[in-house]
Amino acid sequence: MKAYWQWGILAISTWLCTTEIATSQVTVGTLADELGNRDRLATHPDGSYTQHQASSHDPRNALGESDLGAPWGFLNVDFGNFIRQETIEGRQEWVLLEDDGPGVVTRWWATGTINPTGNRFRVYVDGDLSNPVLSGTVNELVGGDNSGFGGSLNFATPNVGGNLYGPIPYSSGVKITWDGTSPHGPAGADGAPPTRTHNTSDALWYSINYRKLAPGTNVTGFSAADTTTYQSNLNAVNGRLANPTVTGSVTDQHSVEDAEVEHGSALLHSLNGTGAIRRIMLNVSGADQVAALEEAFVELRFDGQLTARVPAGQFFGNGTSKSQANPLNEGGNYMQTVAANGDLTSYWVMPYQTSAEVRIVNRSNQTLNVDLEVDSGDWTWDANSMHFHANYKTESDIKTGGASNSYSTSSGDADFRFLNVRGKGVFVGDTLSIRNQSLGGGNNWLGEGDEKIYVDYLDGNGEAHNSVPVHLGTGTEDYYGYSSGSGTLFGSPFVNQPIADGQGPGGPTVNSRVRGLDAIPFSESFKFDMEVWKWL
């Protein structure tokens with residue numbers, strides 16, 4: 001049996017040419033402030049940090065010898081894989097992440113069919129193995145609020161587990177462990193495959209993003225008291241994340257109501273001088289509302305350069321509409337919201353040095369009624385400033401490979417390319433829309449493929465010199481912060497699922513992930529592939 005999918009992806013990044021940035025004292029407080037400051041995503045760090053990922057991915061994927069892209073990877077024993085087992089204070093603990101400092105744990109996702117009240121995670125900072133700075137079960141520490149970071153930074157998503165976005169800085173090193181059992185443990189040095197045993201009593205899946213800071217960066221390592229010491233910073237960012245609104249200086253508010261835009265025409269708003277767009281609100285309607293959302297395009301130009309040409313529904317995270325009766329997928333995150341009245345809002349900060357244009361283009365065969373609001377304000381343009389870019393692509397009738405179950409190596413699989421760019425920038429988010437057109441019955445969940453992100457994988461001559469992904473995951477739904485192909489709708493500041501009918505034929509699913517401290521800077525090149533693979 002094969003599944004047929006239609007995929008659409010919005011990939012968002014910010015680019016520049018050259019920059020220099022100074023680093024200062026890094027604490028939980030400064031990191032919390034950064035999380036609430038959207039301007040930072042429009043400023044390149046230029047060497048002050050790189051973003052990395054540790055996960056329970058099938059270790060054989062990282063030992064592959066083939067070139068970049070399909071059919072490299074597609075091995076799916078992606079649970080219970082660890083670096084090694086250690087004895088710490090008399091306990092047997094599996095090591096999930098170990099990194100020399102300075103650095104920051106920026107995002108932690110976990111799930112599993114494990115004892116929710118028994119096995120514990122522990123976080124050790126700066127070499128102190130006697131006193132973990134954080135400790136708790138998967139439900140307490142990753143997905144519950146026992147961490148003390150607050151509900152916007154530590155939240156559950158459907159099924160066991162969830163997401164921790166509270167920052168954990170370290171000066172000389174970090175070690176994260178789990179004291180449960182493993183069905184197989186790490187692969188041998190010779191690349192021998194892990195045991196293909198799925199013990200439902202102790203399976204753990206995890207993915208941890210972390211920054212490696214530039215040597216010499218002054219970091220105050222996390223302590224158990226930090227959530228109290230920096231409570232005011234954490235309260236402020238939790239409030240901002242829970243209630244998205246425009247941030248920063250707003251000196252001009254442009255508004256047009258009920259403008260009629262005929263087929264082939266556009267509604268234009270131009271800005272001159274130096275500044276930054278801080279909010280765009282669009283409400284577009286027509287006799288065919290699904291077509292209105294899919295065929296009204298948002299086009300952006302900054303300093304004369306076209307940087308985005310994206311369907312309105314995709315640009316604002318609405319994704320694929322279900323039907324004329326229910327074209328809106330209400331919800332959102334810290335950067336994009338969709339309201340019941342049709343208001344689509346973006347809060348991305350978009351700097352420009354001399355000029356900017358927001359153009360709404362009607363590519364449908366009907367007249368559209370358009371409301372448009374653009375808030376803009378001051379910006380100090382310097383070598384760190386970046387232009388906002390958004391890329392959209394769609395592909396129909398995608399066929400999956402011939403895997404008979406999720407623990408067998410498949411053949412004929414392919415990668416769906418989210419983004420492939422050269423230059424210097426920061427990857428800050430994406431929205432994936434999938435329409436499952438499988439005619440088969442049973443569980444046709446489409447999200448078992450892993451993300452594979454390559455950072456600076458090309459040299460100056462355009463030749464690949466890094467064939468192993470810097471970020472290698474455990475499943476599409478895991479990347480978007482939930483698990484097991486759940487059809488439950490959810491929203492949060494960084495990941496959301498406003499529609500989830502993709503288990504059945506003809507059903508759409510929409511997932512968005514926007515990034516804060518886990519944004520990925522690149523200096524030369526960036527490529528993001530997602531494996532196309534399903535459960536049968």
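See the structure shown above.
Described below are features of the structure shown in this document. Predicted model only: the values in this text are computed from it and were never measured. (Residues numbered from 1 in each chain as written. Predicted model: local features only at pLDDT ≥ 70, side-chain atom pairs only at ≥ 80, totals over all residues. Heavy atoms only, no water.)

**Observations concerning the packing of aromatic side chains**
Per the counting criterion, the structure on display carries 20 aromatic pairs. Centroid distance W108 to F121: 5.0 Å. Interplanar angle 65°. Geometry classified as edge-to-face. Residue W108 is found in strand 5 (residues 103-113), and its partner F121 is found in strand 6 (residues 121-125); the two are separated by 13 residues along the sequence. The class of W108 is buried, set by a relative accessible area of 0%. Overall, F121 belongs to the buried group, its relative accessible area being 0%. A centroid spacing of 4.2 Å and a plane angle of 20° characterise the contact between Y165 and F494, whose relative ring orientation is stacked. Placement of Y165 in the loop between strand 9 (162-164) and strand 10 (168-170) and of F494 in the loop between helix 7 (476-479) and strand 29 (495-500) is noted, with a sequence separation of 329 residues between them. Taken together, the ring pairs in this structure connect F416, F418, F427, Y479, Y480, F522, F526 and F528 into an aromatic cluster. (Phe/Tyr/Trp six-rings, centres within 6.5 Å; stacked < 30°, edge-to-face > 60°. Helix = DSSP H or I, 4+ residues; strand = E, 2+ residues; numbered from the N terminus. Buried < 20%, exposed > 50% of the residue type's maximum accessible area, 1.4 Å probe, protein only.)

**With respect to the sheet that holds strand 11 (residues 173-178)**
Taken in spatial order, the five strands make up an open sheet running 3-4-11-6-7, and their pairing is antiparallel. The open sheet has two edge strands with one neighbour each: strand 3 (85-88) and strand 7 (134-136). Sheet twist, expressed as the average angle between the axes of neighbouring strands with direction ignored, equals 30°. Direction of pairing for strand 3 relative to strand 4 (residues 91-100): antiparallel, over a ladder of four bridges. Across the sheet, E86 pairs through a bridge with E93, a residue of strand 4. (Pairing = 2+ DSSP bridges. Axes fitted to C-alpha atoms, helices over the stretch in contact; angles between N-to-C directions.)

**Description of the nonpolar core**
Considering soluble globular proteins, one finds that nonpolar side chains tend to be buried as a cluster. If you look at the biggest cluster of nonpolar residues, it comprises 109 residues, and the most contacted ones within it are W108, F121, I277, L300 and F526. Ignoring sequence-local partners within four residues, the contact set of F526 consists of L419, N420, V421, F427, I453, Y454, V455, Y457 and I520. Grouped together as the second largest cluster of nonpolar side chains are five residues, V77, W109, A203 and W205 included. (Core = buried A, V, L, I, M, F, W, Y, C linked by side-chain atoms within 4.5 Å. Contact = heavy atoms within 4.5 Å.)

**Description of helix 1 (residues 28-35)**
Counting buried positions along helix 1 gives six out of eight residues, so the element sits mostly inside the fold. Capping of helix 1 at its N-terminal end is provided by T27; its side-chain oxygen lies 3.2 Å from the backbone amide nitrogen of G29. (Polar contact = N/O pair within 3.5 Å; in protein donor to acceptor, adjacent residues only side chain to side chain.)

**Topic: empty space enclosed by the protein**
Under the defined criterion, the tally for this structure stands at five cavities of 30 Å³ or more. Space inside the largest cavity adds up to approximately 180 Å³. In terms of residue class, the lining of the largest cavity is built from eleven nonpolar, three polar and five charged. (1 Å grid on protein atoms, 1.4 Å probe; cavity = no way out; pocket = protein on both sides within 12 Å on 5 of 7 lines; lining within 4 Å. Points joined across faces, edges and corners; volume = space filled by probe spheres on them. Nonpolar A, V, L, I, M, F, W, Y, C, P; charged D, E, K, R; others polar.)

**Structural notes on the pairing of strand 23 (residues 368-377)**
For strand 23, the buried fraction is high: seven of the ten residues fall into the buried class. Note that strand 13 (residues 252-261) and strand 23 share eight bridges and pair antiparallel. Along strand 23, the bridge assignment pairs A259 with V370. With nine bridges connecting them, strand 15 (residues 275-285) and strand 23 associate as antiparallel partners. In the strand pairing of strand 23, L282 is matched with L372.

**A word on helix 4 (residues 231-242)**
Compared with the 16 Å implied by 1.5 Å per residue over twelve residues, the 16 Å span of helix 4 between its first and last C-alpha is a close match. Considered for burial, the residues of helix 4 that qualify are N233, L234, V237, N238 and L241. End-on, the buried residues of helix 4 take up no more than an arc of 130°, which puts them together on one face. Those residues of helix 4 that are buried lie in contact with helix 1 and helix 3 (226-229). (Expected span 1.5 Å × (residues − 1). Arc of directions from axis to C-beta.)

**Comments concerning the packing of helix 1 against helix 4**
In contact at an axis separation of 9 Å, helix 1 and helix 4 are set at 15° when each is read in the N-to-C sense. The angle between the axes of helix 1 and helix 4 places the two elements in the roughly parallel class. Our pair here, helix 1 against helix 4, has a crossing hand that is left-handed. Between helix 1 and helix 4, the residues in contact are V28, G29, A32, D33 and L35 and N233, L234, V237 and L241, respectively. Looking at the contact of helix 1 with helix 4 residue by residue, the class counts come to six nonpolar, two polar and one charged. (Parallel < 35°, antiparallel > 145°, perpendicular 65-115°, else oblique. Left-handed = near helix turned anticlockwise from the far one by under 90°.)

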